[in-house]
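Survey of secondary and tertiary structure
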Amino acid sequence: MDREQWSRVVEAATRAPSIHNTQPWSFSVTGDRLDVRTDAARALHTLDRTGRQRVISCGVAVEFAVVALRAEGVDVAVELQPDPASPELLATLTVTGPREVSEADRALGAAIASRHTERAPFRAQAVPAEVVDDLQRAAGTFSVWLKPITEADEEVATAFLVARAEELEQSEPEYVEELQRWLRTDPAATDGIPVVSVPAEDPATRPSNWLIRDFAVGTRPADRSPFHNPDDPDAPPPAVERPTVVLVGTDNDDEIAWLTAGRALGQVLLRATVAGLAASPLTQALDWPATRTQLRGRLSLVGHPQMLLRLGYPSSDRTPSTNRRPVAEVLTFAD
Ligand SMILES: Cc1cc2nc3c(=O)[nH]c(=O)nc-3n(C[C@H](O)[C@H](O)[C@H](O)COP(=O)(O)O)c2cc1C
């Protein structure tokens, strides 16, 4: 692997989704080894006190690097938290030898560039059960479970907790301040959430059971009536969006579990992209210990929920791309 190849791999890794697009990572290459560190200076101290979502984000970056390396024609061994004396060193990827690149390797590698978080309403087209099964199997190879929320009572309980958490968050000034700090109006910004990637409409007025995170909180008018069309108050309510929603979780709840959940999420998102799907995380209910614990109780989960994802077919083929910091800012070569 030469420097150019490593730079390509790291560029692919940085295309990983991250909480508030904080990109909380750095990379270093020593010979045939890539070290992935977390950058605690990019932590979200209010939304993510324990660093769980920061570590999950880095786990996705690890998996995107693995996928990119396979697409480059090399096999790789991954060690998580290899050095207890360096807790910020989350993973080490070591090239183990050449690999014959399969069609699937190529397709997953190509999906890294086209995957994006799609918050707009999805088309009214069900996600086929075989696709959900494939995502479930992909997560299972990491010993991570993926549970589709299909039963009506589970859906009601989960959607309620998402809405409850969103309400709690909006009433917390520190949360709102942190969110606003990561919103970007400058299209050239290399991190944070660009305002163009979040729907302008108020999520509370969307005809959906699933409330997406409101990134423009604090700027909404007070009278927010659901499903209200101000241009035509007598119009019938629009069709209700029914995305497929899946919960991804782990048996344990430590940093290794978070990293592994991130790796599984990386595979799930890329496979979903190859299948023509898009996704957006709905993690509000998992931000807070109280609603996260309630979710475990209401769904009788044995393990720990790590990520709630809405999945569906995007209603436009526009691929909004959220910027990343340049590779030179996050990659160093040790030799
Ligand atoms: C752990 C984690 C939690 C996230 N939570 C949310 C969320 O609650 N709502 C949302 O709209 N996006 C969420 N995102 C998506 C990020 O905002 C998104 O990945 C980032 O802005 C980069 O954009 P991209 O995914 O389109 O590349 C989350 C991403 C990660 C990795």
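Residues numbered from 1 in each chain as written. Predicted model: local features only at pLDDT ≥ 70, side-chain atom pairs only at ≥ 80, totals over all residues. Heavy atoms only, no water.

For the protein, an unreviewed UniProt entry supplies the name Nitroreductase family protein and the organism Trujillonella endophytica.

**So, the site of the ligand**
Selection rule: When at least one non-hydrogen atom of a residue lies within 4 Å of a molecule or strand, that residue is treated as near it. Here a polar contact means two N or O atoms within 3.5 Å. Within protein one must be a hydrogen donor candidate and the other an acceptor candidate, and residues neighboring in sequence count only if both atoms are side-chain atoms. Here the Shrake-Rupley method, with its probe set to 1.4 Å, supplies the accessible areas, and only the displayed protein chains count as covering residues. For this classification, the nonpolar set comprises Ala, Val, Leu, Ile, Met, Phe, Trp, Tyr, Cys and Pro, the charged set comprises Asp, Glu, Lys and Arg, and every other residue, Gly included, is treated as polar.
Lining the immediate environment of the ligand, one finds 19 residues, of which Arg115, Thr117, Arg119, Thr283 and Arg324 sit closest. Between an oxygen atom of the ligand and a main-chain N or O atom of Ser18, the distance comes to 3.4 Å. Thr117 places a polar side-chain atom, nitrogen or oxygen, 2.5 Å from an oxygen atom of the ligand. Expressed as a share of its isolated accessible area of 630 Å², the protein-covered part of the ligand is 99%. Taken together, the residues of the shell around the ligand sort by class into seven nonpolar, eight polar and four charged.

**What to know about the sheet that holds strand E3 (residues 74-80)**
We count it as follows: When DSSP finds two or more bridges between two strands, those strands count as paired. Runs of E in the DSSP output that reach at least two residues are strands. Runs of H or I that reach at least four are helices, and both are numbered from the N terminus. Lines fitted to C-alpha atoms define the axes here, with helix axes fitted over just the stretch in contact, and angles between the N-to-C directions of these axes take values from 0 to 180 degrees. It only takes one pair of heavy atoms within 4.5 Å for two residues to be counted as in contact.
Read across the sheet, five strands follow the order E3-E4-E2-E1-E11 without closing on themselves; strand pairing throughout is mixed. Looking at the sheet topology across the chains shown, the edges are occupied by E3 and strand E11 (331-333). Adjacent strand axes in the sheet meet at a mean angle of 20 degrees, parallel and antiparallel pairs treated alike. Strand direction decides the pairing type here: strand E2 (residues 33-38) and strand E4 (residues 89-98), joined by five bridges, are antiparallel. Looking across to E4, one finds that Arg33 is bridged to Thr94. Each of strand E1 (25-30), E2, E3 and E4 touches helix H2 (residues 52-71); the most contacted strand, E4, lies at about 10 degrees to it.

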